[in-house]
Amino acid sequence: MQKLRQLGLLMIFWLITASSTSATQYNLPDLGSPGLVLYDKSMESELGRAFMTALHTDFTMIDDPFVVEYVRQIGSRLTSHLADGRQYHFFIIDRPEINAFAGPDGIIGINRGLILAATSEDALASVIAHEIAHITQEHLSRRFEQFEQGNITSFASLLAAILIGTLDPSAGIATFIGGNSLAIQNQLRFSRIHEHEADSVGIKLLAQAGYNPRAMAQFFDQLHQQHNHSSRPPEVLLTHPVTERRTALALARAEQQKTTQERYLDLKLIQARLTDQRIPLEQLNEKEHEAFHCYKNYLNLTNTPDNAAEIKSCLIQATKNQPGNRLLEIALADIKDRSSNSVSNLLQLKDLYPQDNALAHQIAHQYQHRNDIGSAIAILKHQATITPTKIELYQQISELYLQKNDIANALYFQALRANEIGNIRQFKHLLKEARKHASETPTLLKKINNLLQENN
Ligand SMILES: [Zn+2]
């Protein structure tokens, strides 16, 4: 019980303590418990790794490359002006709650439910910006009680469950710390200061990235109003209480920034990938409306389509009306290549958008259709050399090797995936399994042995 109590306390500090620097900088009271210690970068990255493993082990992640790419592009637009040298990682959790969170070591999680609830790309970006601000201000991560190394895995799992909202924090934490609600209240009051700070920094990030800085206050307000007060409010409101004062403050801060036209179409196209349910389209103008319906029909296209020609001409018009819209461009290139049984249109786009992982996946998919598994693997492997986000690529490569009955490579790329999600133990285990099948492929065997040696 003592252990659990400590873990619970540790969690509280993790979730709501301030760092000494931001406390001084903003002239905030310091929690100042002598039991707290600053922890170093290596500790933070270790916890980040364990957290990433917990996310991928305990929860289902959205792996639609287009959805992943979309959210990561918003994330990198928002972080591109930061000079903190930090690597940010964006993940989408397949959960219906309207929630997002900032975890340790630059990890930001966004629930499918939040993407579906957002009214505009700016609204979605505003929540992501707010979470990024929690990280830049180091609200979560600068201090915590020393914990035993052995606990890191279970601690990371608990942290993930609380942040994602599958563990009710009011019940969970209260149990853990023996119901000391006064302490929780005091710390929550403290966290309200963090919320305001995250709003303020997040609004600046939004404006710098060209998003409408008013979107944050509007979105929180909308969620607040939509929520039927007899039911449990959306997760994001539980952790981010909306008060009139907070909305007013956020709006006032936004007034100082330039407002821009909000973006809707891409978000709606992404929402169409995530759900079959009706998506509200009131914000779209007539041309965007048409583009949305082309895309929706394209998504429903079967392998033996009788309406492919119709969808193709619809997409040709849509890409003319929405110049530079990558999702529409890729859809059009894909449908052209499908009808001519080639890959040339998609490859042409690849020259334009070399960094786009989703496009690489689409090309691989098209090669796969033509039974050219070798080329599918080659394009994904190449993509993995130029992108920092490789998890989905390694997964796909592994599956393709499996299709070719190449067990050694299938296991090897599963091992690389395990490494990417921070699961070092599984990484080594899978490498050893791969080695058992690699006796006839000396280059792979050498790679495996080198990796095993490096990670010993
Ligand atoms: Zn917050």
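For the structure, check the block above.
Since the model is a prediction, treat every value here as computed from it, not as a measurement.

About the criteria used
- Residues numbered from 1 in each chain as written.
- Predicted model: local features only at pLDDT ≥ 70, side-chain atom pairs only at ≥ 80, totals over all residues.
- Heavy atoms only, no water.
- Helix = DSSP H or I, 4+ residues; strand = E, 2+ residues; numbered from the N terminus.
- Buried < 20%, exposed > 50% of the residue type's maximum accessible area, 1.4 Å probe, protein only.
- Contact = heavy atoms within 4.5 Å.
- Areas by Shrake-Rupley, 256 points an atom, 1.4 Å probe, with all protein chains shown as cover.
- Pairing = 2+ DSSP bridges.
- Phe/Tyr/Trp six-rings, centres within 6.5 Å; stacked < 30°, edge-to-face > 60°.
- Axes fitted to C-alpha atoms, helices over the stretch in contact; angles between N-to-C directions.
- Expected span 1.5 Å × (residues − 1).
- Arc of directions from axis to C-beta.
- Polar contact = N/O pair within 3.5 Å; in protein donor to acceptor, adjacent residues only side chain to side chain.
- Parallel < 35°, antiparallel > 145°, perpendicular 65-115°, else oblique.
- Nonpolar A, V, L, I, M, F, W, Y, C, P; charged D, E, K, R; others polar.

Peer 1: I'm lost on the overall build of the protein chain in this one. Help?
Peer 2: Check the secondary structure of the protein chain and you find 23 helices and five strands. A total of 456 residues make up the protein chain; the buried ones form 53% of that total. Considering only contacts in the protein chain between residues 6 or more positions apart, those separated by 24 or more positions represent 67%. Of the roughly 21,200 Å² that the protein chain leaves accessible, carbon and sulfur atoms contribute 49%.

Peer 1: Even after reading the chapter, I still don't get the environment of Asp105, so can you show me in this structure?
Peer 2: Counting through the fold element by element, Asp105 comes out in the loop between strand 3 (100-102) and strand 4 (107-111). Separated by 33 residues in the primary sequence, Asp105 and Glu138 have C-alpha atoms spaced 9.6 Å apart. Residue contacts for Asp105: discarding those within four places in its chain leaves Glu44, Ser45, Gly48, Arg86, Gln87 and His89.

Peer 1: Explain the pairing of strand 4 here, please?
Peer 2: Successive residues of a regular strand alternate their side chains across the two faces of the sheet. Counting buried residues along strand 4, five of its five residues qualify, which places the element largely inside the surrounding structure. Because side chains alternate across strand 4, one face comprises the buried residues Ile107, Gly109 and Asn111, and the other comprises Ile108 and Ile110, equally buried. As defined by bridge partners, strand 2 (residues 89-93) adjoins strand 4 across five bridges and the pair is classed as parallel. Residue pairing across strands places His89 opposite Ile107, the latter belonging to strand 4. One ladder, built from three bridges, connects strand 3 with strand 4; its direction is antiparallel.

Peer 1: I would appreciate a short explanation of the packing of aromatic side chains in the present structure.
Peer 2: One pair of aromatic rings is described through two measures. These are the centre distance and the angle between the planes. Across all of its chains, the model carries five aromatic pairs by this definition. Each ring, one from Tyr295 and one from Tyr298, has its centre 5.7 Å from the other, and the planes form 40°; the classification is tilted. In this pair, Tyr295 and Tyr298 are both assigned in helix 14 (residues 286-299), three residues apart and thus about one turn of the helix distant. Taking 5.9 Å as the distance between ring centres and 50° as the angle between the ring planes, the aromatic pair formed by Tyr394 and Phe413 counts as tilted. Of this pair, Tyr394 sits in helix 20 (residues 391-403) while Phe413 sits in helix 21 (residues 407-420); the two residues are 19 residues apart in sequence, bridging distant segments of the chain.

Peer 1: What exactly am I supposed to notice about the sheet that holds strand 3 here?
Peer 2: Pairing between the strands of a sheet is mediated by backbone hydrogen bonds and can be parallel or antiparallel. One open sheet holds the three strands; their spatial order is 2-4-3, and the pairing between them is mixed. In this open sheet, the two strands that pair with only one neighbour each are strand 2 and strand 3. Along the sheet, successive strands turn relative to each other by an average axial angle of 15°, direction set aside. Relative to strand 2, helix 4 (residues 65-79) is tilted by about 145°, and along the sheet it contacts strand 2 and strand 4.

Peer 1: When you look at helix 14 in this model, what are you seeing that I'm missing?
Peer 2: Since the α-helix turns once every 3.6 residues, residues separated by three or four places project in the same direction. Between its first and last C-alpha atoms helix 14 spans 20 Å; for 14 residues at 1.5 Å apiece the expected length is 20 Å, and the two agree. Turning to helix 14, its buried residues are Glu288, Ala291, Phe292, Cys294, Tyr295 and Tyr298. The buried residues of helix 14 occupy an angular sector of 165° when the element is viewed end-on, so they sit on one face. Where helix 14 is buried, its residues contact helix 13 (265-274), helix 15 (308-321), helix 16 (326-340) and helix 18 (357-369). The N-cap residue of helix 14 is Asn285: its side-chain oxygen and the backbone nitrogen of Lys287 are 3.1 Å apart.

Peer 1: I would appreciate a short explanation of the packing of helix 18 against helix 20 in the present structure.
Peer 2: Helix packing geometry: the angle between the two helix axes and the distance between the axes. Axis separation between helix 18 and helix 20 bottoms out at 11 Å; the angle between their running directions is 10°. Looking at the two axes, helix 18 sits roughly parallel to helix 20. Contacts from Asn357, His361 and Gln368 in helix 18 reach Glu392, Leu393, Gln396, Leu400 and Gln403 in helix 20. Of the residues that constitute the contact of helix 18 with helix 20, the class distribution is two nonpolar, five polar and one charged.

Peer 1: What is the right way to look at helix 17 (residues 344-352) in this model?
Peer 2: Within helix 17, burial applies to Leu346, Leu349 and Lys350. For helix 17, the buried positions fall inside an angular range of 110° around the axis, keeping them on one side. Exposed side chains of helix 17 directed beyond 90 degrees from the buried face belong to Gln348, Asp351 and Leu352. Residues of helix 17 that are buried in the fold lie against helix 16, helix 18 and helix 19 (373-386).

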